[in-house]
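What the coordinates show
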Number of protein chains: 2
Amino acid sequence: MKKLNSTHKKTPAKIEVIIMAALECFNELGFNGTGMNDICARGGTSVGSVYHHFKSKDQLAARVYIEGIKNYQSGYIEELLKHNRPRDGIFAIVRYHINWVYSNRDWARFLFRMRHEDFMWAVEEEFAQLNKKFFDTVGTWFRKGIQAGEIRKMSPDMYPPVLMGPCQEFTRMLLEGKTFAKQETAASELAESAWRAVKAV
Amino acid sequence: MKKLNSTHKKTPAKIEVIIMAALECFNELGFNGTGMNDICARGGTSVGSVYHHFKSKDQLAARVYIEGIKNYQSGYIEELLKHNRPRDGIFAIVRYHINWVYSNRDWARFLFRMRHEDFMWAVEEEFAQLNKKFFDTVGTWFRKGIQAGEIRKMSPDMYPPVLMGPCQEFTRMLLEGKTFAKQETAASELAESAWRAVKAV
DNA sequence: CATATTTTAGAATTATATTCTAAAATATGG
DNA sequence: CCATATTTTAGAATATAATTCTAAAATATG
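Residues and elements named next belong to chain A. Structurally, the position occupied by Lys133 is in helix H7 (residues 124-147). On the basis of relative accessibility, which here comes to 63%, the residue Lys133 falls in the exposed class. Considering only alpha carbons, one finds Lys133 and Glu150, 17 residues apart in sequence, at a separation of 24 Å.

Another aspect to go through is the domain arrangement of chain A. Residue and element names in this part refer to chain A. Structurally, chain A comprises domain 1 (10-54) and domain 2 (65-198). Its C-alpha centre places domain 1 at a distance of 29 Å from the equivalent point of domain 2. Taken residue by residue, the interface counts eight residues in domain 1 and nine residues in domain 2. The three residues of domain 1 that bury the most area against domain 2 are Leu23, Asn27 and Phe31, which together make up 63% of that side's buried surface. Here domain 1 and domain 2 share zero salt bridges between them. The class makeup of the residues in the side of domain 1 that touches domain 2 is five nonpolar, two polar and one charged.

Taken together, the contact pairs 41 residues of chain B with 40 residues of chain A. Between chain B and chain A the total buried area reaches about 3400 Å² when both faces are included, carbon and sulfur atoms providing 48% of it. Per-residue buried area on chain B facing chain A is highest for His116, Met158 and Arg196 of chain B; these three make up 19% of the total on that side. At the boundary of chain B and chain A, one finds four salt bridges.

Moving on, we come to empty space enclosed by the protein. If you walk through the whole model with that rule in mind, you get one cavity of 30 Å³ or more. The space that makes up the largest cavity amounts to roughly 40 Å³. Considering the residues around the largest cavity, the lining is formed by Val162, Pro166, Ser193, Ala194 and Ala197 of chain A together with Val162, Pro166, Ser193, Ala194 and Ala197 of chain B. Sorting the residues of the lining of the largest cavity by element identifies helix H8 (159-175) and helix H9 (183-198) of chain A together with helix H8 (159-175) and helix H9 (183-198) of chain B as the ones contributing at least two each. Of the residues contributing to the lining of the largest cavity, the split by class is eight nonpolar, two polar and no charged.

On to the environment of Gln73 of chain B, then. Residues and elements named next belong to chain B. Inspection of the secondary structure puts Gln73 in helix H4 (residues 57-80). By relative accessible area, Gln73 is classed as buried at 7%. In the structure, Gln73 is positioned 86 residues away from Tyr159 in sequence and 17 Å away in space, judged by C-alpha atoms. The residues contacting Gln73, other than those within four sequence positions of it, are Leu130, Asn131 and Phe134. Engagement of the side chain of Gln73 in a polar contact is seen with the side chain of Asn131, the distance being 3.0 Å.

Attention shifts here to the pattern of salt bridges. Inspection of the entire model under this criterion finds 26 salt bridges over all chains. The salt bridge involving Glu150 of chain A is made with Arg85 of chain A; its shortest N-O contact spans 3.0 Å. Linking Glu150 of chain A in the loop between H7 and H8 with Arg85 of chain A in the loop between helix H4 (57-80) and helix H5 (86-103), this pair joins segments that are 65 residues apart in sequence. Its salt-bridge partner being Glu184 of chain B, residue Arg95 of chain B comes within 3.0 Å of it at the nearest N-O pair. Here Arg95 of chain B, found in helix H5 (residues 86-103), pairs with Glu184 of chain B, found in helix H9; they are 89 residues apart in sequence, far enough to count as distant. Using a relative accessible area of 27% as the deciding quantity, one classes Arg95 of chain B as partly exposed.

Calculation rules
- Residues numbered from 1 in each chain as written.
- Chains lettered and ligands numbered in written order.
- Predicted model: local features only at pLDDT ≥ 70, side-chain atom pairs only at ≥ 80, totals over all residues.
- Heavy atoms only, no water.
- Helix = DSSP H or I, 4+ residues; strand = E, 2+ residues; numbered from the N terminus.
- Buried < 20%, exposed > 50% of the residue type's maximum accessible area, 1.4 Å probe, protein only.
- Domains from an automatic or database assignment.
- Contact = heavy atoms within 4.5 Å.
- Buried area = accessible area lost by both parts, 1.4 Å probe.
- Salt bridge = Lys/Arg side-chain N within 4 Å of Asp/Glu carboxyl O.
- Nonpolar A, V, L, I, M, F, W, Y, C, P; charged D, E, K, R; others polar.
- 1 Å grid on protein atoms, 1.4 Å probe; cavity = no way out; pocket = protein on both sides within 12 Å on 5 of 7 lines; lining within 4 Å.
- Points joined across faces, edges and corners; volume = space filled by probe spheres on them.
- Polar contact = N/O pair within 3.5 Å; in protein donor to acceptor, adjacent residues only side chain to side chain.

Right, dumping it as structure tokens:
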């Protein structure tokens with residue numbers, strides 16, 4: 001009559017509820033402004049329950065972050081791999097980034113705001129792993145274009161900032177309410193800029 | 001025999017000591033990881049004293065931020081105004097940004113990490129003011145180049161991200177230990193990229 | 001020098017993240 | 001379906017750390 005490590009059927013759903021409640025609270029009240037109370041209230045659950053599923057407030061926030069970054073990265077890779085020519089790939093990922101932020105504002109806001117929070121140490125290892133895989137894939141894709149002479153040579157570390165820096169900054173402004181530029185305009189102008197910055201000619 | 005609002009001679013020095021102690025603690029231990037205790041210990045002062053000069057931990061952190069951003073922005077403007085040709089100005093500010101980060105790591109780390117912290121609401125107004133003045137000045141400078149046809153036309157909101165986004169991302173990587181690129185290499189490659197992205201031809 | 005004001009110090013208070021205990025719910029072998 | 005080991009929930013108790021408070025010390029100025 002012994003059982004081990006089984007898990008109740010509704011547990012994954014409950015965890016998801018807590019994560020979404022946490023995401024909303026953190027966005028509305030900030031990390032420090034959010035009490036475990038607030039999360040429990042919004043998720044319709046109890047302190048004990050939350051602590052049963054998550055080791056700490058930090059762990060919880062970190063899980064939220066991982067959830068978001070996974071979604072972003074997987075879509076990014078999927079989009080990139082649809083294309084072969086450097087120019088097409090660059091336009092695609094810039095567009096992807098901007099669209100993703102426009103249609104996942106809550107997640108995007110959380111990812112931007114929390115990128116450097118203390119609690120990220122709670123998932124340092126996992127986060128590094130995700131990033132490594134992500135940058136490896138992207139790097140491999142771009143190497144083709146560089147070797148084919150379609151993308152100009154720079155120190156390898158410069159490509160990510162040059163390509164994605166502008167959309168990062170633009171979407172940051174967007175989420176801070178500092179710009180109301182149209183999605184379409186932004187996407188095409190930033191993609192064009194990125195392409196000019198790296199194309200070989 | 002009545003006096004009002006006078007201030008002891010050593011007060012400004014003390015405030016500076018507290019600010020530097022706070023900067024170091026926050027960088028080493030994170031905002032939440034830092035106790036008022038830690039700051040007092042490092043600054044050789046007492047809780048009561050710190051609270052006499054700063055309304056709260058949030059206020060203190062926010063003052064540190066403002067101190068740092070003022071230094072960064074004033075140097076930036078000074079550098080930009082030394083130049084007249086768009087290309088020269090762009091090279092100068094990219095270089096300035098990178099050099100500033102290399103030679104003010106502590107401040108830079110703090111500014112990056114804390115940009116979206118809750119406590120920034122404590123100085124929202126002042127921060128907005130600084131940014132407005134900063135962007136106005138920069139905007140005015142660039143408008144010349146655009147009108148002279150040396151810089152291509154884009155939505156106005158795109159210039160800041162296109163010009164500074166790459167160095168922002170690069171220096172972020174630098175502070176996270178994700179790159180060891182040489183200061184000189186980074187500066188020239190990123191400046192060149194920025195110039196290609198916006199030049200008219 | 002006298003005294004109003006500012007500054008310092010540290011104890012007391014308050015707020016809130018975390019731990020703990022026990023009850024309720026659930027899964028599974030029989 | 002039953003018995004029971006395990007997981008999950010709940011909320012009270014505890015611990016930690018920010019903030020407030022009170023009084024003493026230091027300082028500026030008429």
